[in-house]
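# Structure at a glance
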Amino acid sequence: MLKGKCILVGITGGIAAYKICELIRMYKKNGADVKVICTPNAMNFVTKLTLQNLSQNEVYVQEFDVKEWKPEHISLADEADIMVIAPATANTISKIAQGIADNLLTSVACAFSKKIIIAPAMNCNMWNNETVQENIKKLQSKGVEILEPESGFLACGYLGKGRLCSLEKIFNETVEALSYSQKLAGKKVVITSGGTIEDIDPVRYISNYSSGKMGFALANVAKEMGAEVVLITTKPFEAPYKIVKVKSALDMQKAVEDEFETSDIVIMAAAVADYRVKNQAEQKMKKVAGVNETLTLELVQNPDILKCLCEKKIHQLVVGFCAESENLLENAKEKIAKKGCDYLIANDISRSDIGFSSDDNEVTILEKSGKIEKLEKASKKVIARKILEYIYE
Ligand code: PMT
């Protein structure tokens, strides 16, 4: 699986460091060339000899132990295809986020231009620390993948979130990241996500349960496949591509139309409200006993953004999503014909383990030609990848 790939494993000073010996074995068994960099503190938890034997390579700790003309922090960064830092302490995470390069590991991370995966492990209060969380968000916005720690008993005696995620997760994410090809290089992909918000008055609104996760996963995968990505979303995401924050269906329509002409692929994963309030109140609506015991809101239809795009598309490939609580395939077939899109991704939102807000999804891809392909339940990231690969093929 990993033949021909060079993985740079960064180990920092946390008790979970001992687990990384097994991770190195997993990479090696799958054919990778593994190079290990440790912070000086990591050496309190694992020995250089163990790591050297497992990786079958020299283990790097000291910054100024220069043997060749090219400084190690540059040559190690150049040689590797991916950098995986596990366990990552709050200290190392915060330094990398701020561009501090005060040891070999942080210097290599600073010089590393390819994919970085970070698996944090620390005390739960450190994980919840506001500054640490800000630094995590900052790294995510730069495209660093953070594999969130798990909850449970921690080595420090606390019960909470902070335990290193499973080695299988780190391994699978590494394999997945390395298998991305730049299939969408040169393509502009516009994706919508989240539920639109239709104001009733300055206090209340009508919306839906969309978390934006499906669209965000699609945008991240499209970026990893080399696309120029624009994510039009109602949710506050941070990412290393253009994000346009919108609120209502009308805002979303304008934002999508602004990007449409220059786009190659448009994917409407957002849950767009079909109706908005006809007369939004400018001031907070008051309840008056005996006067307005009931309240009737008059709603008007929103434009169907997807349908409008399909009517004016030239070279663009337009993909819709379809959220159904019953008769999934029947309704999806009707919808693809009515909207006129090239593909429709149907998902069942009656289940709590897939669809709205969950981390997983299970979808059926419908093509204009009538072809149907079911994708089994998987994380939204895996589903996103399969959808984009399918469309590409
Ligand atoms: O955001 P998550 O929590 O991760 O959940 C993901 C999801 C369930 C929201 C997503 O997978 C999904 O199904 N999105 C589409 C939801 C939806 O609005 O479905 P629909 O069947 O009502 O609409 C069909 C298509 O028309 C959609 O592509 C929608 O974006 C589009 N539409 C709908 C109404 C409208 N006025 N304009 C539109 O463009």
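Residues numbered from 1 in each chain as written. Predicted model: local features only at pLDDT ≥ 70, side-chain atom pairs only at ≥ 80, totals over all residues. Heavy atoms only, no water.

### Remarks on the side chain of T106
- As for its placement among the helices and strands, T106 is situated in helix α5 (residues 104–111).
- Of note is the side chain of T106, whose polar atom sits 3.1 Å from the backbone nitrogen of D102.
- Those residues within four positions of T106 in sequence are excluded, and the remaining contacts are T92, K95, I96, I100 and A101. (Helix = DSSP H or I, 4+ residues; strand = E, 2+ residues; numbered from the N terminus. Polar contact = N/O pair within 3.5 Å; in protein donor to acceptor, adjacent residues only side chain to side chain. Contact = heavy atoms within 4.5 Å.)

### With respect to the domain arrangement of the protein chain
- As far as domains go, the protein chain holds domain 1 (6–180) and domain 2 (188–392).
- Relative placement of domain 1 and domain 2: their C-alpha centres are 36 Å apart.
- With 11 residues of domain 1 at the contact, the number on the domain 2 side is 9 residues.
- Between domain 1 and domain 2 lies a buried interface of about 850 Å² when both sides are counted; carbon and sulfur atoms form 46% of it.
- Considering only the surface of domain 1 that becomes buried against domain 2, S141, E176 and Y180 emerge as the three largest contributors, covering 61% of it.
- Our count for the contact surface shared by domain 1 and domain 2 stands at 4 residue pairs in polar contact (both at pLDDT 80 or more).
- Counting only elements with at least two residues in the side of domain 1 that touches domain 2, the list comes to α7 (130–141) and α8 (167–179). (Domains from an automatic or database assignment. Buried area = accessible area lost by both parts, 1.4 Å probe.)

### A word on the nonpolar core
- Ranked by internal contacts, the top residues of the largest apolar core, which has 36 residues, are Y27 and I170.
- Put simply, the parts of the chain that give this core at least two residues each are β1 (6–11), α1 (20–29), β2 (33–38), β4 (82–88), β5 (115–120) and α8.
- Excluding anything up to four places from it in sequence, Y27 contacts L2, I7, V9, A32, V34, V84, I170, F171 and T174.
- Listed in part, the 34 residues of the second largest apolar core include A222, Y241, A378 and A384. (Core = buried A, V, L, I, M, F, W, Y, C linked by side-chain atoms within 4.5 Å. Buried < 20%, exposed > 50% of the residue type's maximum accessible area, 1.4 Å probe, protein only.)

### Notes on the site of the ligand
- Taken together, 29 residues surround the ligand, and among them S210, S211, K335, N347 and S357 come closest.
- Between A269 and the ligand, the recorded distance is 2.9 Å, taken from a backbone N or O atom to a nitrogen atom.
- Contacts to the ligand include S357, whose backbone N or O atom sits 2.6 Å from an oxygen atom.
- Contact with the protein chains hides 96% of the accessible area of the ligand, taken as 780 Å² for the molecule alone.
- With respect to the detected pockets, the ligand is housed in the second largest pocket.
- Secondary-structure elements contributing two or more residues to the shell around the ligand are α9 (213–224), α11 (305–312), β17 (317–324) and α12 (328–339).
- Ranked by residue count, the leading element in the shell around the ligand is β17, at 4 residues.
- A per-class count over the shell around the ligand returns 15 nonpolar, 8 polar and 6 charged. (Near = heavy atom within 4 Å. Areas by Shrake-Rupley, 256 points an atom, 1.4 Å probe, with all protein chains shown as cover. 1 Å grid on protein atoms, 1.4 Å probe; cavity = no way out; pocket = protein on both sides within 12 Å on 5 of 7 lines; lining within 4 Å. Sits in = over half its atoms within 2 Å of the grid points. Nonpolar A, V, L, I, M, F, W, Y, C, P; charged D, E, K, R; others polar.)

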